[in-house]
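The residues making up each chain are set out below.
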Amino acid sequence: MEQPASAYFMEDRHDASETHTLSVLVANEPGVLARVIGLFSGRGYNIESLTVSETESQKHVSRITIVTTGTPMVITQIKHQLERMIPVHRVVDMTTSGRSIERELAMVKLRGTGEHRVEALRLAEAFRARVIDATTESFVFEITGNSSKINRFIDLMRPLGLVEISRTGVAAISRGPEGM
């Protein structure tokens, strides 16, 4: 039996999910972060990374950097909804601007002795991670770079006695002389 015809064009959409870094300039006032996060949680959008800091104290402006995933349509919807919020001054998709630098900082704690300790130090040197704390049984490394570099470092440290990880989240800025 055939399906009844529809007056509406029904399209099967199977758009791949993309990861985007959004930089949002907001008025630095109480409750702004909660409102921005509420937009994401209320609509079921995922936040993979979130960093917030006042960037211009004279103007009372903060910068929220959000890494989120979704289909191109969902990313566009997120940007439009952010732009409509009252305390938001500007929204820039750093991923589509193509001219941005993204960095993250992580502290990685390892427990180990003997050969594992030597291997951890060798890998840390290769990744340009610094030892910021050391005991006879453990290390804490500090590493900065893009998220994929940090993920690779963590993956290599797991079998060597990884104990704990603390990450800052992504900070992003555009290249060139122009500001946001």
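Residues numbered from 1 in each chain as written. Predicted model: local features only at pLDDT ≥ 70, side-chain atom pairs only at ≥ 80, totals over all residues. Heavy atoms only, no water.

Q: How would you explain the overall build of the protein chain if you had to name every residue and give the values?
A: Within the protein chain, the regular secondary structure consists of five helices and nine strands. For the protein chain, the α and β elements follow one another from N to C terminus as β-α-β-β-α-β-α-β-α-β-β-α-β-β. In summary, the protein chain has a C-alpha radius of gyration of 21 Å against a globular reference of 16 Å for 180 residues, an excess of more than 25%. In terms of overall dimensions, the protein chain has a C-alpha envelope of 70 × 60 × 30 Å along the principal axes. A burial count over the protein chain gives 35% of its 180 residues as buried. Considering only contacts in the protein chain between residues 6 or more positions apart, those separated by 24 or more positions represent 73%. With the model as given, the accessible surface of the protein chain reaches about 11,400 Å², and the carbon-plus-sulfur share is 51%. A distance of 5 Å separates the average location of the 21 positive side-chain charges in the protein chain from that of its 22 negative side-chain charges. (Helix = DSSP H or I, 4+ residues; strand = E, 2+ residues; numbered from the N terminus. Rg over C-alpha atoms; globule rule 2.2 N^0.38 Å. Buried < 20%, exposed > 50% of the residue type's maximum accessible area, 1.4 Å probe, protein only. Contact = heavy atoms within 4.5 Å. Areas by Shrake-Rupley, 256 points an atom, 1.4 Å probe, with all protein chains shown as cover. Lys, Arg positive; Asp, Glu negative; His and termini not counted. Charge placed at Lys NZ, Arg CZ, Asp CG, Glu CD.)

Q: Explain the nonpolar core residue by residue, including any values.
A: Note that soluble globular proteins tend to have their nonpolar side chains buried in a common cluster. In this structure, L110, F141, I143, F153 and M157 are the most contacted members of the largest nonpolar core, which totals 16 residues. Elements with a minimum of two residues in this core: β5 (100-111), α4 (115-126), β7 (138-145) and α5 (147-157). Here the element with the most residues in this core is α5; it accounts for four residues. Leaving out residues up to four positions away in the same chain, I143 has contacts with E104, L105, A106, F127, A129, K149, I150 and F153. In this structure, V24, V26, I78 and M85 belong to the second largest nonpolar core, which totals 15 residues. (Core = buried A, V, L, I, M, F, W, Y, C linked by side-chain atoms within 4.5 Å.)

Q: Tell me about a nonpolar patch on the surface, and name the residues and values.
A: Together, L33, L50 and V52 line one region of the surface with nonpolar side chains, adding up to about 210 Å² of accessible area. The residue L50 is located in strand β2 (residues 46-56) in this model. (Patch = residues over 30% accessible without salt bridge, like charges linked within 9 Å, V, L, I, M, F, W, Y side chains within 5 Å. Salt bridge = Lys/Arg side-chain N within 4 Å of Asp/Glu carboxyl O.)

Q: Describe in detail the pairing of strand β3 (residues 61-70), supporting the description with residues and values.
A: The element β3 is extensively covered by neighbouring structure, given that nine of its ten residues are classed as buried. Bridging between strand β1 (residues 18-27) and β3 involves ten bridges; their strand directions are antiparallel. Each residue of the ladder has a partner; that of T19, found in β3, is T69. The turn joining β2 and β3, which pair antiparallel and follow one another in sequence, is formed by four residues; a positive phi near 55 degrees is taken by H60. (Pairing = 2+ DSSP bridges.)

Q: Got a sec to walk through the confidence of the model for the protein chain? Specific residues and values, please.
A: Across the protein chain, the average pLDDT comes to 90, with 92% of residues at or above 70. Low pLDDT, under 50, characterises residues 6-10; the stretch is placed with zero contacts to residues that sit more than four places away or in other chains. (pLDDT = per-residue confidence, 0-100.)

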